[in-house]
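Structural characterization, general
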Amino acid sequence: HQSSICHLGVDESRFHPAASVTHYAHEAFSIPRDRHIVFFSGHMEHRKGVHVLVKAMVELTEVRKRRDVHLLVLGNQPGEELAFSSLY
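Residues numbered from 1 in each chain as written. Predicted model: local features only at pLDDT ≥ 70, side-chain atom pairs only at ≥ 80, totals over all residues. Heavy atoms only, no water.

Its place among the elements puts Tyr88 in the segment after β2 (69-74). Taking relative accessible area as the criterion, Tyr88 reaches 62% and is therefore assigned exposed. Once residues within four sequence positions are removed from consideration, Tyr88 is found in contact with Val54, Val58 and Glu81. (Helix = DSSP H or I, 4+ residues; strand = E, 2+ residues; numbered from the N terminus. Buried < 20%, exposed > 50% of the residue type's maximum accessible area, 1.4 Å probe, protein only. Contact = heavy atoms within 4.5 Å.)

Along the chain, Thr61 falls in helix α2 (residues 50-63). Among all residues touching Thr61, those that are not within four sequence positions of it are Arg66, Arg67 and Val69.

A word on α2. Given a rise of 1.5 Å per residue, 14 residues ought to cover 20 Å, and the 19 Å separating the end C-alpha atoms of α2 matches this to within 8%. All of the buried residues along α2 are Val50, His51, Val54, Met57 and Thr61. Down the axis of α2, the buried side of the element spans an arc of 125°, and every buried residue falls inside it. Within α2, the exposed residues directed more than 90 degrees away from the buried face are Val52 and Val63. Tucked inside the fold, the buried residues of α2 contact β1 (36-41) and β2. Positioned one or two residues after α2, Lys65 has a phi angle of 60°, which is positive. (Expected span 1.5 Å × (residues − 1). Arc of directions from axis to C-beta.)

Pasting the structure below:
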């Protein structure tokens, strides 16, 4: 499989988390610090591709046995996640 990197044009040397908040999400959501976080925030509509993220995480964790990744999905409305629960 091939991978691509899409650079967003952000100067990472100028815009990066402060050292004091480097692990903010890990601490706020009780995620072990040794995990890389894949993050989604927004309306959990099919057109936004949340199902693609969930399927990718299932592939990584169940098929490829990766234990160093964590999917953090934050929706806008209670119950939005229910449409995707059958995927995991």
